[in-house]
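# Residue-level structural notes
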Amino acid sequence: MQPTGNSTSSQPLLRLGTNAFHLSLPGAAADGGAVFVHHPFSPDADVAGELATLLTTHTEALAAAHAPLTVLLPTRYVTVPADDFVANDAEALYRYAISDDAEPLGAPLFLPELSTYVLFTVPQALDAVVRKYGVPHYRPAATALWQYAQRQQAANTPPSLYAYAADESLELFAVNGNRLKFANRFAASHAHDVLYYILFVWEQLGLRHEKDRLRLLGMLPQEEWLTDRLRTFLLHVEPHAEAELCEACGTQTTANLPADLLAAANS
């Protein structure tokens, strides 16, 4: 366990990952803050079994929270502006955009501060384990970072593109006031792929090379090489943006904690 004592979330959080789970238990630390539990597992492990072990171990702490478990999913998603959202069309829209995902669609997530609905699926095998501990709230893990970016984007400041690497994927997102300007998830485990996607999206959004900012989060592959290459194209590249996230959340460390979990725990 890794206590931080700075979480403001009153709900327990479970962050699912490709090689580890993270569990945030509010009020479990000595100072009344959250305890973060890191539960790694091997690539060939029984994922549902590992999840059952983790939740069984902390059954009492979950019950003591007296709040539903919020589950953060590192998953693909489809975003829909609130003005264009039609509930009856959600299933067809998601299946059209992401045709190779056979898992059942979760309840659409509405983010009022970004005027956006998010469509995503929930893994059935893991859902069956989680529901033994009550009715969970599911959401794509990246949404907590979108909300954080929206709070950080002050008026009349140059816009930022955020790049977040986790689970052998790259999340790229940007906000514009109370609107989600862009959000997408790419399979990208190699530095050259990360570089390509960042520069492609930068140009697609019409961001300015000399004024706008790129903020890097997470475990980037070949980070030093990648940062140097990005700086040959962009003037304002900010690696290790977790430091600013920590300051905003009032905590001192992100050791072993995905940035999306940290943002969710302090929202």
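Look up a bit, the structure's there.
Residues numbered from 1 in each chain as written. Predicted model: local features only at pLDDT ≥ 70, side-chain atom pairs only at ≥ 80, totals over all residues. Heavy atoms only, no water.

## A few points about the packing of aromatic side chains
Applicable threshold: Side-chain rings of Phe, Tyr and Trp, where Trp is taken by its six-membered ring, are said to pair if the distance between their centres is within 6.5 Å; with planes under 30 degrees apart they count as stacked, over 60 as edge-to-face, and otherwise as tilted. A run of H or I in DSSP becomes a helix once it reaches four residues, and a run of E becomes a strand once it reaches two; helices and strands are each numbered from the N terminus. Under the scheme applied here, a residue whose accessible area is under 20% of the maximum for its type counts as buried, over 50% as exposed, and between as partly exposed, the area being computed with a 1.4 Å probe on protein chains only.
On inspection of all chains with the given rule, the structure shows nine aromatic pairs. Here Phe 21 and Phe 41 contribute two aromatic rings whose centre-to-centre distance is 4.7 Å and whose plane-to-plane angle is 45 degrees, an arrangement assigned as tilted. Of the two residues, Phe 21 is situated in strand 3 (residues 20–25) and Phe 41 in the loop between strand 4 (35–40) and helix 1 (47–57); the sequence distance between them amounts to 20 residues. Ring plane angle 75 degrees and centroid distance 6.5 Å describe the contact between Tyr 148 and Tyr 162, whose orientation is recorded as edge-to-face. Within this pair, whereas Tyr 148 is found in helix 5 (residues 143–152), its partner Tyr 162 is found in strand 10 (residues 160–166), the two being separated by 14 residues in sequence. As far as the burial class goes, Tyr 148 and Tyr 162 line up, both buried. Three or more aromatic residues joined by ring pairs form one cluster here, namely Phe 186, Tyr 196, Tyr 197 and Phe 200.

## Some words on the nonpolar core
Note the cut-off: What makes a nonpolar core is a set of buried Ala, Val, Leu, Ile, Met, Phe, Trp, Tyr and Cys residues whose side-chain atoms join them at distances within 4.5 Å. Two residues form a contact once any of their heavy atoms are found within 4.5 Å.
By size, the foremost hydrophobic cluster in this structure holds 55 residues, and its most contacted members are Leu 14, Leu 51 and Trp 146. For this core, the element with the most residues is helix 9 (residues 259–265), which contributes six residues. Setting aside residues up to four positions removed in sequence, Trp 146 forms contacts with Tyr 77, Thr 79, Leu 111, Leu 114, Val 118, Phe 173, Val 175, Leu 180 and Ala 183.

## Some remarks on the pattern of salt bridges
Basically, it comes down to this: Within this document, salt bridges are pairs made up of a side-chain nitrogen of Lys or Arg and a carboxyl oxygen of Asp or Glu, the two lying within 4 Å of each other.
In the structure shown here, the tally under the stated rule is ten salt bridges. The salt bridge involving Arg 15 is made with Asp 167; its shortest N-O contact spans 2.7 Å. Residue Arg 15 is located in strand 2 (residues 13–15), and its partner Asp 167 is located in the loop between strand 10 and strand 11 (169–176); the two are separated by 152 residues in the primary sequence. Like Arg 15, the residue Asp 167 is buried in the burial classification.

## Some details on unusual backbone geometry
Residues apart from glycine generally show negative phi values, whereas peptide bonds are mostly found in trans. For His 66, which is not glycine, the phi torsion reads 50 degrees and is therefore positive. By the secondary structure assignment, His 66 is in the loop between helix 2 (59–64) and strand 5 (70–73). Taking the relative accessible area as the measure of exposure, His 66 reaches 73% and is therefore exposed. Notably, Gln 222 is not glycine yet its phi reads approximately 45 degrees, a positive angle. Considering the arrangement of structural elements, one finds Gln 222 in the loop between strand 13 (213–218) and helix 7 (223–230).

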